[in-house]
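# Structure at a glance
As a plain string of letters, each chain reads:
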Number of protein chains: 2
Amino acid sequence: MAYDNPQKVRELIRRGELPRPTCGLAPGYTQANLVILPKEFTFDFFLFCQRNPKPCPILEVLEPGQYEPVLTAPAADIRVDASLYRVYQDGELVSEERDITGYWNTEMVTFLLGCSFTFENALIKAGISLRHVEEGKNVAMYVTNIPTVPAGIFSGPMVVSMRPIPAAKVVRSVQITSRFPMVHGAPVHIGDPEKIGIIDLAKPDYGDAVATKDDEVPVFWACGVTPQTVVLRSKPPLMITHSPGHMFITDLRDEDLSIL
Amino acid sequence: MAYDNPQKVRELIRRGELPRPTCGLAPGYTQANLVILPKEFTFDFFLFCQRNPKPCPILEVLEPGQYEPVLTAPAADIRVDASLYRVYQDGELVSEERDITGYWNTEMVTFLLGCSFTFENALIKAGISLRHVEEGKNVAMYVTNIPTVPAGIFSGPMVVSMRPIPAAKVVRSVQITSRFPMVHGAPVHIGDPEKIGIIDLAKPDYGDAVATKDDEVPVFWACGVTPQTVVLRSKPPLMITHSPGHMFITDLRDEDLSIL
């Protein structure tokens, strides 16, 4: 199957033949969040990610102007190999693009950040089903009262994603996701949403609500939406990201990112 | 005991009352390597550390000019709280200092990197004795043929430290050190030194040789000397580090750095 191979999937995406979210493509290979910023903002953003590794797990940082992720996807081109991009100017979304070559210059620095697909696959393989996947929804995300550690111009609250987990499997879900510290890792909170400033689980700030049943516990993981929201608060003249769900597919195997 | 408390130990060091290596001080608290560079070199160095986390495990990066490690040792002063510093100009060691305030300016960026004391303590607690500790020697370090991943102006071979481990405890030593990915983590090589370009274990490039007995296996870990040697190859106009063995003592507990 062509869809099993990350190079082939990127080639199809580049040719415009897979104009859809990347969930389920190249299974077992790591998908990444993209954040592309002008060089002047990148030292502060690098610091922010280093200080907040759970919401901002760095997979690779490219040198200024570089668009080939030599370490995680050699021969790929970061400007055309995600199926959809978002362009922000002065903190506002100005367009969605299939190709960002026109915005590129030698000062652009690309950050590839880990994505929750990696640990979700590990949970599913371990027999812990995920309601939003079953229901074909986007995961529910919430702005919390947990502060991130500020860095330079960047600061703001942590965004988390929530998955209802059967009470009997909560410990196992901590163990499984702890093996993947490069992709959000262990949960940041288990149980009572109010303790982290979430008033109503039925009203997520991003994504879609799902039910939490009586025998389930809401479990919260640091979310890769955090760095984007924090950057937008600082209104950089230009920021480019992938569009939600349209991740960049790397050649890393999810298991390469596990420890133990 | 005053020597059990990291704040008190730093206070004694600052007053010049502990003019000796920090091994054994504030047990259970994390000691750090220091690398201080002018701002113009720091993005490349940050990239280098991110791409080479085993030899260059970042504990904290301070913003330009900042000398208080707010996250790992609040109220400390990075310029006076290590007992001895080395100052390099254009790649050459020019002096050892008790206080680097005179070299400080608002463009200096400090990197605190993890140190092998953390995982050595974990090995010793698990009943795996370390010959260089028993014999009061510095650990043996070797330049290998393992390339680091280059970043900007920085490149060069990985330096490793070697500890002879009883054959029956090699697996356990991998497990124990895997728990500490922030402080060099699991070994990079087990056994035959020639496979990583080491010709003669009796002739280390840094530190002191120790014997490897018949029932022991040489086990190699990525070493924090790597970033210093790589930076010196690029001859920056100014670089300041701690002096070997005279580490900066943080308020982090070693166990804070363990995963699982």
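Residues numbered from 1 in each chain as written. Chains lettered and ligands numbered in written order. Predicted model: local features only at pLDDT ≥ 70, side-chain atom pairs only at ≥ 80, totals over all residues.

### Focus: the overall build of chain A
The secondary structure content of chain A amounts to 6 helices and 11 strands. The C-alpha radius of gyration computed for chain A amounts to 18 Å, which stays within 12% of the reference 18 Å derived for 260 residues, consistent with globular compactness. A total of 260 residues make up chain A; the buried ones form 43% of that total. Long-range pairs, those at least 24 residues apart, make up 76% of the contacts in chain A between residues at least 6 apart in sequence. (Helix = DSSP H or I, 4+ residues; strand = E, 2+ residues; numbered from the N terminus. Rg over C-alpha atoms; globule rule 2.2 N^0.38 Å. Buried ≥ 20, exposed ≤ 12 C-beta atoms within 10 Å, placed from the backbone. Contact = placed C-beta atoms within 7 Å.)

### Comments concerning the sheet that holds strand β8 (residues 189-190) of chain B
Working definition: the strands of a sheet are paired by backbone hydrogen bonds and lie parallel or antiparallel to each other. All names here are of chain B. Taken in spatial order, the 4 strands line up as β6-β7-β9-β8 in an open sheet, and their pairing is antiparallel. Of all the strands in the sheet, the pair left with one neighbour each is β6 (140-147) and β8. Contacts between helix α5 (residues 170-178) and the sheet are confined to β7 (157-166), β8 and β9 (216-222), with β9 contributing the most and set at about 20° to the helix. (Pairing = 2+ DSSP bridges. Axes fitted to C-alpha atoms, helices over the stretch in contact; angles between N-to-C directions.)

### Remarks on the relation of the copies chain B and chain A
For these two chain copies, the linking operation is a rotation about an axis paired with a shift along it. Superposition record for chain B on chain A: RMSD 0.0 Å, screw rotation 180°, translation along axis 0.0 Å. In short, the pair behaves as if placed about a two-fold rotation axis. Identified as the residue of chain B closest to the rotation axis by C-alpha distance is phenylalanine 43 of chain B, at 3.1 Å. Comparing interface residues between copies, 100% of those in chain B also lie at the interface in chain A; the contact surface is shared. (Least-squares fit on C-alpha atoms with pLDDT ≥ 70 in both.)

### So, the domain arrangement of chain A
Residues and elements named next belong to chain A. As far as domains go, chain A holds domain 1 (2-115 + 234-257) and domain 2 (117-226). For domain 1 and domain 2, the distance between their C-alpha centroids amounts to 22 Å. Of all the elements in the fold, those that place two or more residues in the side of domain 1 that touches domain 2 are β1 (29-38), α2 (42-51) and β5 (108-114). Here the side of domain 1 that touches domain 2 gets 5 residues from one element, more than from any other, and that element is α2. Grouping the amino acids of the side of domain 1 that touches domain 2 by side-chain chemistry returns 11 nonpolar, 6 polar and 4 charged. (Domains from an automatic or database assignment. Nonpolar A, V, L, I, M, F, W, Y, C, P; charged D, E, K, R; others polar.)

### Concerning the environment of phenylalanine 117 of chain B
Residue and element names in this part refer to chain B. The residue phenylalanine 117 is located in helix α3 (residues 117-125) in this model. Of the residues examined, phenylalanine 117 has 23 C-beta atoms within 10 Å and is grouped as buried. A sequence separation of 87 residues divides phenylalanine 117 from threonine 30, and the C-alpha atoms of the two residues are 7.7 Å apart.

### Some thoughts on the sheet that holds strand β6 (residues 140-147) of chain A
All names here are of chain A. One open sheet holds the 4 strands; their spatial order is β6-β7-β9-β8, and the pairing between them is antiparallel. One side of each edge strand has no neighbouring strand; the edge strands of this open sheet are β6 and β8 (189-190). Relative to strand β7 (residues 157-166), β6 is paired through 5 bridges, and the arrangement is antiparallel. By the bridge assignment, methionine 141 is partnered in β7 with serine 161. Relative to the sheet, helix α5 (residues 170-178) contacts β7, β8 and β9 (216-222), its axis offset from that of β9 by approximately 20°.

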